[in-house]
Amino acid sequence: MENAFKGKRVLLAFPDQKGICEAEKLASALALECAGSVKSFDEAAGFLKRMECDFVFMSVLLPMLPVQKADEYIFDLPLYKRPAILYFAPENAGEIMLSAYHPTVTLPCRTEETVAAMHKIYPVRVRDADVQRANEILSRMGFPDQPARNYIAYACALSVNDRNVVRNLKRSVYPALSRAFSKKETAFQDPMRRLIDKTFLLGDIENQYKLFGNSIDETRGKPTISQLIALVGEIIRMGKA
């Protein structure tokens, strides 16, 4: 089976060198790239402000780890800087400790168990606030409030996290929409395309050109799905919404 996480960057956050070494072995077995290691939550928070990574392997025994707050801290980061957190607990951890962090893998663990847990948390879901901002921008452009606009807004929020998603909609965007809206991957392209065509024919032309400028092909008079997603995602990323 293909390793879906090969080459992904991981930060190791464990309170002692022994834990870090064990985590390094696990990361190596999973073909992950180790972005760094820290020994406290404050160090992890500082690292994530400066650097980007896909995962954090974090011990529940990490000093200064705020109970049920680590995810909230990560969630405040811009989506493109937000890693997925997988918690690791000692074999003798009590139920109270285990219930405070999710998902949790008990050490020692098998690579298959770790991979299964990683699939549950990656890719990181988009922020509701980013979807809302995308919807607001689309509304100003004249997009009516209907399911296809919600698909586009969610795709725009995805592009806030990763500019590259628009390069291959079938591989990146449509599978994510399928998971988010519980529909087949083939259910999104046509309604999104039809809504874009209709809106750029009947919508707020002044606002459309204010946002798109010269990026609209005058012969077509409308953007492609990828162009629209990329533009709105960039507007949100740059804080211009």
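Just so we're clear, the structure is a prediction, and the values are computed from it rather than from any experiment. (Residues numbered from 1 in each chain as written. Predicted model: local features only at pLDDT ≥ 70, side-chain atom pairs only at ≥ 80, totals over all residues. Heavy atoms only, no water.)

Asker: What exactly am I supposed to notice about the packing of helix 6 (residues 128-140) against helix 11 (residues 225-237) here?
Answerer: When two helices pack together, you describe them by how their axes are tilted relative to each other and by the distance separating the axes. Two elements in contact, helix 6 and helix 11, have axes separated by 10 Å at closest approach and are oriented at 115°. The handedness of the crossing between helix 6 and helix 11 comes out as right-handed. On the side of helix 6, the interface is formed by Asp130, Arg133, Ala134, Ile137 and Leu138, while helix 11 contributes Leu228, Val232, Ile235 and Ile236. By residue class, the composition of the contact of helix 6 with helix 11 is 7 nonpolar, no polar and 2 charged. (Axes fitted to C-alpha atoms, helices over the stretch in contact; angles between N-to-C directions. Helix = DSSP H or I, 4+ residues; strand = E, 2+ residues; numbered from the N terminus. Left-handed = near helix turned anticlockwise from the far one by under 90°. Contact = heavy atoms within 4.5 Å. Nonpolar A, V, L, I, M, F, W, Y, C, P; charged D, E, K, R; others polar.)

Asker: Help me out: how do you make sense of the layout of surface pockets in this one?
Answerer: Take a probe with the size of a water molecule and roll it over the atoms, and the empty space left behind shows itself. Volume-wise, the second largest pocket comes out at about 200 Å³. If you list the elements that add at least two residues to the lining of the second largest pocket, you get helix 1 (17-29) and strand 4 (84-89). Looking at which element gives the most residues to the lining of the second largest pocket, the answer is helix 1, with 3 residues. Tallied by class, residues from the lining of the second largest pocket come to 7 nonpolar, 2 polar and 3 charged. (1 Å grid on protein atoms, 1.4 Å probe; cavity = no way out; pocket = protein on both sides within 12 Å on 5 of 7 lines; lining within 4 Å. Points joined across faces, edges and corners; volume = space filled by probe spheres on them.)

Asker: Can you help me understand the packing of aromatic side chains in this one?
Answerer: Within a pair of aromatic rings, the relevant descriptors are the distance that separates the centres and the angle that separates the planes. Under the definition given, this model contains 11 aromatic pairs. Measuring from ring centre to ring centre gives 5.8 Å for phenylalanine 14 and phenylalanine 88, while their planes differ by 50°; the resulting arrangement is tilted. With phenylalanine 14 in the loop between strand 1 (9-13) and helix 1 and phenylalanine 88 in strand 4, the pair connects residues that are 74 residues apart, well separated along the chain. Here phenylalanine 14 falls in the buried class, since its relative accessible area comes to 4%. (Phe/Tyr/Trp six-rings, centres within 6.5 Å; stacked < 30°, edge-to-face > 60°. Buried < 20%, exposed > 50% of the residue type's maximum accessible area, 1.4 Å probe, protein only.)

Asker: Would you take a moment to explain unusual backbone geometry for this structure?
Answerer: Note: most residues except glycine have negative phi, and most peptide bonds are trans. Cis peptide bonds are those with omega within 30 degrees of zero, and the linkage from histidine 102 to proline 103 qualifies with -5°. A cis geometry characterises the amide bond from leucine 107 onward to proline 108, with omega recorded as -5°. Looking at where proline 108 falls in the secondary structure, it is placed in the loop between strand 5 (104-106) and helix 5 (111-121). Phi angles above zero are rare outside glycine, and alanine 31 is one such case at about 60°. In this fold, alanine 31 is placed in the loop between helix 1 and strand 2 (33-38). The phi dihedral of serine 182 falls on the positive side, at around 55°, and the residue is not glycine.

Asker: Hey, could you run me through the pattern of salt bridges in this one?
Answerer: In a structure, side chains of opposite charge can pair up when their charged atoms sit close to one another. Taken as a whole and assessed by the stated rule, the structure comprises 7 salt bridges. Of the charged contacts in the structure, one is a salt bridge between glutamate 33 and arginine 9, with a shortest N-O distance of 3.0 Å. Residue glutamate 33 is found in strand 2, and its partner arginine 9 is found in strand 1; the two are separated by 24 residues along the sequence. On the accessibility criterion, glutamate 33 (40% relative accessible area) is partly exposed. For arginine 9, a relative accessible area of 22% puts it in the partly exposed group. For the salt bridge of glutamate 112 with arginine 110, the shortest nitrogen-to-oxygen distance reads 3.6 Å. On the accessibility criterion, arginine 110 (53% relative accessible area) is exposed. (Salt bridge = Lys/Arg side-chain N within 4 Å of Asp/Glu carboxyl O.)

Asker: Teacher, can you tell me more about the packing of helix 7 (residues 147-161) against helix 9 (residues 189-202) here?
Answerer: The N-to-C vectors of helix 7 and helix 9 enclose an angle of 100°; their axes lie 9 Å apart at closest approach. Our classification of the angle between helix 7 and helix 9 gives roughly perpendicular. Residues Ala148, Arg149, Tyr151 and Ile152 of helix 7 pack against Pro191, Met192, Leu195 and Ile196 of helix 9. Across the contact of helix 7 with helix 9, the residue classes tally to 7 nonpolar, no polar and 1 charged. (Parallel < 35°, antiparallel > 145°, perpendicular 65-115°, else oblique.)

Asker: How should the sheet that holds strand 3 (residues 55-59) be read in this particular structure?
Answerer: The strands making up a sheet are joined through hydrogen bonds of the backbone, oriented either antiparallel or parallel. Read across the sheet, 5 strands follow the order 2-1-3-4-5 without closing on themselves; strand pairing throughout is parallel. Where the open sheet ends on each side, the last strands, each with one partner, are strand 2 and strand 5. Taking the axes of each pair of neighbouring strands and ignoring which way they run, one obtains an average angle of 25° across the sheet. Taken strand by strand, helix 2 (residues 41-50) contacts strand 1, strand 2 and strand 3, and its axis lies near 135° from that of strand 2. Set on the sheet, helix 5 makes contact with strand 3, strand 4 and strand 5; between it and strand 4 the angle comes to about 145°. (Pairing = 2+ DSSP bridges.)

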